[in-house]
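Here is how the chains run, residue by residue.
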Amino acid sequence: MAAQDFKERVRQVAIEQAKVYEQVFLRHEYLLCSEAFHSQPYYIVSAHADNYRHLIGVNTSFSAEIFFKKCLDGTLAENDFDFCKRGQSEKEVKGAVRDKIIVLPNFLSMVSSSLSAEESFVKGRVHCNFAAADSGATVGFISSDKSKPMTLLRGNRLDPSESASVDLILRRSTGASFFDEIVYGNERMLAKYRERIKMLLAENLKETKELQPI
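Residues numbered from 1 in each chain as written. Predicted model: local features only at pLDDT ≥ 70, side-chain atom pairs only at ≥ 80, totals over all residues. Heavy atoms only, no water.

Draft legend 1. Inspection of the overall build of the protein chain at higher detail. When you go through the protein chain residue by residue, the secondary structure sums to 6 helices and 8 strands. Moving toward the C terminus, one meets the helices and strands of the protein chain in the order α-β-β-α-α-α-β-β-β-β-β-β-α-α. Taken over C-alpha atoms, the radius of gyration comes to 18 Å for the protein chain, in line with the 17 Å a tight globule of 214 residues would show. Considering only C-alpha atoms, the protein chain reaches an extent of 55 × 40 × 30 Å along its principal axes. Counting only residues that meet the buried cut, the protein chain has 47% of its 214 residues in that class. Considering only contacts within the protein chain whose residues lie at least 6 apart along the sequence, 59% involve residues at least 24 apart. If you average the places of the 29 positive and of the 29 negative side-chain charges in the protein chain, the two averages end up 3 Å apart. (Helix = DSSP H or I, 4+ residues; strand = E, 2+ residues; numbered from the N terminus. Rg over C-alpha atoms; globule rule 2.2 N^0.38 Å. Buried < 20%, exposed > 50% of the residue type's maximum accessible area, 1.4 Å probe, protein only. Contact = heavy atoms within 4.5 Å. Lys, Arg positive; Asp, Glu negative; His and termini not counted. Charge placed at Lys NZ, Arg CZ, Asp CG, Glu CD.)

Following this line, the structure appears as structure tokens:
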């Protein structure tokens with residue numbers, strides 16, 4: 001693939017996936033429960049517009065917020081970004097970006113699929129509070145009171161001896177106080193973790209009821 005063709009492909013993917021990112025992550029927050037979590041009883045994922053640039057991996061003179069806005073409204077141009085990063089060759093950066101745009105759709109569908117997780121995730125230059133992965137992609141999160149996605153890697157990069165399945169994923173609208181929807185898991189898993197997360201549950205999830213795995 002010629003350099004210009006690759007840049008156009010990156011531009012197209014960044015624009016196409018921005019709308020999905022907005023729908024999945026900017027409009028919702030997610031609570032993850034796993035036996036892999038020891039430092040915290042759960043993690044709340046709350047992504048922002050400025051995280052999107054990290055998931056694409058390109059260099060740009062625009063702020064992260066403006067970069068996402070240009071992706072979202074379809075005005076991102078090829079001369080708005082490049083593959084120049086300090087300490088890395090252009091070939092290295094292009095290879096990382098190529099991997100990211102291949103697996104970005106995996107990341108955007110992760111919150112409703114079977115995942116594994118690992119705390120204190122380290123891989124090369126990547127240092128994250130935790131990472132989640134399916135067979136196609138690994139996403140690393142950094143955390144304060146909430147967690148935001150900071151890196152996207154191709155393939156499952158978790159250490160099998162340090163990782164465990166994500167048993168339960170709940171969702172709430174961004175800005176809401178309580179989680180009111182199960183997007184992955186079932187009543188058995190909700191009961192398993194209920195004491196840890198009960199202060200964050202909406203009324204419809206506080207009482208036991210029969211639910212099938214999603």
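The structure having been displayed, the exposition proceeds.
Draft legend 2. Highlighting unusual backbone geometry. For Ser120, which is not a glycine, the phi torsion comes out positive at approximately 50°. Along the polypeptide, Ser120 turns up in strand S3 (residues 116-123).

Draft legend 3. Spatial organisation of the layout of surface pockets. There is about 590 Å³ of room inside the largest pocket. Considering the residues around the largest pocket, the lining is formed by 25 residues, among which Lys85, Ala96, Lys100, Val126 and Thr151 are closest to the centre. Elements with a minimum of two residues in the lining of the largest pocket: helix H2 (52-56), helix H4 (90-109), strand S4 (126-133) and strand S6 (147-154). Sorting elements by how many residues they give to the lining of the largest pocket places H4 first, with 6 residues. (1 Å grid on protein atoms, 1.4 Å probe; cavity = no way out; pocket = protein on both sides within 12 Å on 5 of 7 lines; lining within 4 Å. Points joined across faces, edges and corners; volume = space filled by probe spheres on them.)

Draft legend 4. Looking closely at helix H3 (residues 64-73). Within H3, burial applies to Ala64, Phe67, Phe68, Lys70 and Cys71. The arc that holds the buried residues of H3, viewed along the axis, is 160°, so those residues lie on one side. Looking one or two residues past H3, Gly74 carries a phi angle of roughly 80°, positive in sign. (Arc of directions from axis to C-beta.)

Draft legend 5. Looking closely at the side chain of Arg172. Summarising the element assignment, Arg172 is placed in strand S7 (residues 164-173). Residue classification places Arg172 among the buried positions, given a relative accessible area of 6%. A polar contact is formed between the side chain of Arg172 and the side chain of Glu29, at a distance of 2.8 Å. With residues near it in sequence (within four places) discarded, Arg172 still touches Arg27, His28, Glu29, Ile44, Lys146, Ser177, Phe178, Phe179, Asp180 and Leu200. (Polar contact = N/O pair within 3.5 Å; in protein donor to acceptor, adjacent residues only side chain to side chain.)

Draft legend 6. Spatial organisation of the pattern of salt bridges. Going through the model one piece at a time under the given rule, you end up with 15 salt bridges. Across the salt bridge formed by Glu35 and Arg196, the nearest N and O atoms sit 3.6 Å from each other. With a gap of 161 residues between them, Glu35 in the loop between strand S1 (28-34) and strand S2 (43-45) and Arg196 in helix H5 (residues 187-197) connect regions that are remote in the sequence. The class of Glu35 is partly exposed, set by a relative accessible area of 36%. (Salt bridge = Lys/Arg side-chain N within 4 Å of Asp/Glu carboxyl O.)

Draft legend 7. Structural detail: the confidence of the model for the protein chain. Residues of the protein chain with pLDDT of at least 70 account for 95%, and the chain-wide mean is 92. Within the model, pLDDT remains below 50 along residues 210-214, and this stretch shows 11 contacts once partners closer than five positions in the same chain are excluded. (pLDDT = per-residue confidence, 0-100.)

Draft legend 8. Representation of empty space enclosed by the protein in the model. Enumeration over the complete set of coordinates arrives at 1 cavity of 30 Å³ or more. The space that makes up the largest cavity amounts to roughly 80 Å³. Along its surface, the largest cavity is lined by Phe25, Leu32, Val45, Phe107, Met110, Val111, Leu115, Ala132, Val139, Phe141 and Ile169. Along the lines of polarity and charge, the residues of the lining of the largest cavity split into 11 nonpolar, no polar and no charged. (Nonpolar A, V, L, I, M, F, W, Y, C, P; charged D, E, K, R; others polar.)

Draft legend 9. Representation of H4. With 20 residues, H4 should cover 28 Å at 1.5 Å per step; its first-to-last C-alpha distance of 29 Å lies within 8% of that length. If you look at H4, its biggest bend is around 45°, right at Val103, and the proline Pro105 turns up within four residues after that. Listing the buried residues of H4 in full gives Val93, Lys94, Val97, Lys100, Ile101, Val103, Leu104, Phe107 and Leu108. (Expected span 1.5 Å × (residues − 1). Bend = angle between axes of the 7 residues up to and from the residue.)

Draft legend 10. The arrangement of the pairing of S1 in detail. Burial runs high along S1: 7 of the 7 residues are buried. Both faces of S1 are covered, namely the face carrying His28, Tyr30, Leu32 and Ser34 and the face carrying Glu29, Leu31 and Cys33. Note: S1 against S7, 7 bridges, orientation antiparallel. Paired with Leu32 across the strands is Ile169, a residue of S7. The pairing of S1 with S2 spans 3 bridges and is antiparallel. If you follow Leu32 over to S2, its bridge partner there is Tyr43. (Pairing = 2+ DSSP bridges.)

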